[in-house]
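# Examining the three-dimensional arrangement
Now for the letters of each chain:
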Amino acid sequence: MSQSISRRSFLKCAGSGAVSLAAALLTGVSAGAQEPRLAGEPALLDGRAAVELLGYAPAQELGCALVYLSVENLSASTLPVGASYLQSREVRTQGDLFGMGSGITAVCDGKPVHCGSFAAPLYGENAADASVFTLNLAAGRGALLHCFCAVPEDWQVLELTYHPDFAAGGAVSFTVHRELDEMTLGVVPTTPAEVGSVVDL
């Protein structure tokens, strides 16, 4: 799935929040102290990474909304941003899907829902960042978090909270609105088996 977004598309989506990101860097306000962010409103997490909601795509065959978060490593060290996309190759069932990843929780229309996630490097040449278990994002590099959230057909608002290992207890939340935030970044897998087959860099 990392192939489903180009550098130009990523910059177009993520660049919309450059001003607010710069403000966050200058003020030093932590993401955890803010209200949930909307698409195009990046958050500075633990002073190390810029995290932004890009949007979502429906994955109806899985009964999911596939939410995309971008993560940009602003630090000088490697950050473990999430479960490696390599794990998705082992996904065969919906249970496998929702058992994959950690660091993401989801609430849909006020109720907790199942959520599975993995992180993929933004560009193919960054594939070396990934171990079998974790995407260890090198300094200055970007990644996409692919978050599969179980939602009912008539869902309206989805809130995701990202609390990665590198943030030492810090977290940032994003609000996804069904009517506002749908986007098309490429082919969305429609079965658990396809989740494992699409991510080939």
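These numbers were taken from a predicted model, which means no experiment stands behind them.

Here the focus is the sheet that holds strand 2 (residues 49-59). The sheet built from 5 strands is open, its strands ordered 1-2-3-9-7 with antiparallel pairing. Taken across any chain shown, the strands that pair with only one partner, and hence form the sheet edges, are strand 1 (43-45) and strand 7 (115-121). Adjacent strand axes in the sheet meet at a mean angle of 30°, parallel and antiparallel pairs treated alike. Here strand 2 pairs with strand 3 (residues 64-73) via 10 bridges, running antiparallel. Considered in strand 3, the bridge of Glu52 is made with Ser70.

What follows covers the pairing of strand 2. Most of strand 2 sits out of view: 10 of its 11 residues are buried. Relative to strand 2, strand 1 runs antiparallel, the two being bridged by 3 bridges. Bridge pairing in strand 2 places Leu45 opposite Ala49. Joining the antiparallel neighbours strand 1 and strand 2 is a turn of 3 residues, in which Asp46 adopts a positive phi near 60°. From the end of strand 2 to the start of strand 3, which pair antiparallel, there are 4 residues, and Gly63 there has a positive phi angle of about 65°.

Overall, antiparallel pairing links the 4 strands, which are arranged 6-5-10-11 in an open sheet. Since the sheet does not close on itself, it has two edges, and those belong to strand 6 (111-113) and strand 11 (172-177), each with one partner. The sheet shows a mean angle of 30° between the axes of neighbouring strands, direction not considered. Both strand 5 (residues 104-108) and strand 10 (residues 157-162) contribute to a ladder of 5 bridges, which runs antiparallel. Each bridged residue has a counterpart across the sheet, and for Ala106 the counterpart in strand 10 is Leu160.

Turning to unusual backbone geometry, a few remarks are in order. Notably, Asp46 is not glycine yet its phi reads approximately 60°, a positive angle. Checked against the element boundaries, Asp46 lands in the loop between strand 1 and strand 2. Owing to a relative accessible area of 34%, Asp46 belongs among the partly exposed residues under this scheme. Non-glycine residue Ala168 carries a positive phi angle of around 50°. Tracing the sequence through the fold places Ala168 in the loop between strand 10 and strand 11.

Scoring rules and cut-offs
- Residues numbered from 1 in each chain as written.
- Predicted model: local features only at pLDDT ≥ 70, side-chain atom pairs only at ≥ 80, totals over all residues.
- Heavy atoms only, no water.
- Pairing = 2+ DSSP bridges.
- Helix = DSSP H or I, 4+ residues; strand = E, 2+ residues; numbered from the N terminus.
- Axes fitted to C-alpha atoms, helices over the stretch in contact; angles between N-to-C directions.
- Buried < 20%, exposed > 50% of the residue type's maximum accessible area, 1.4 Å probe, protein only.

It is worth stressing that arrangement in space is one thing and function is another; only the former is reported here.
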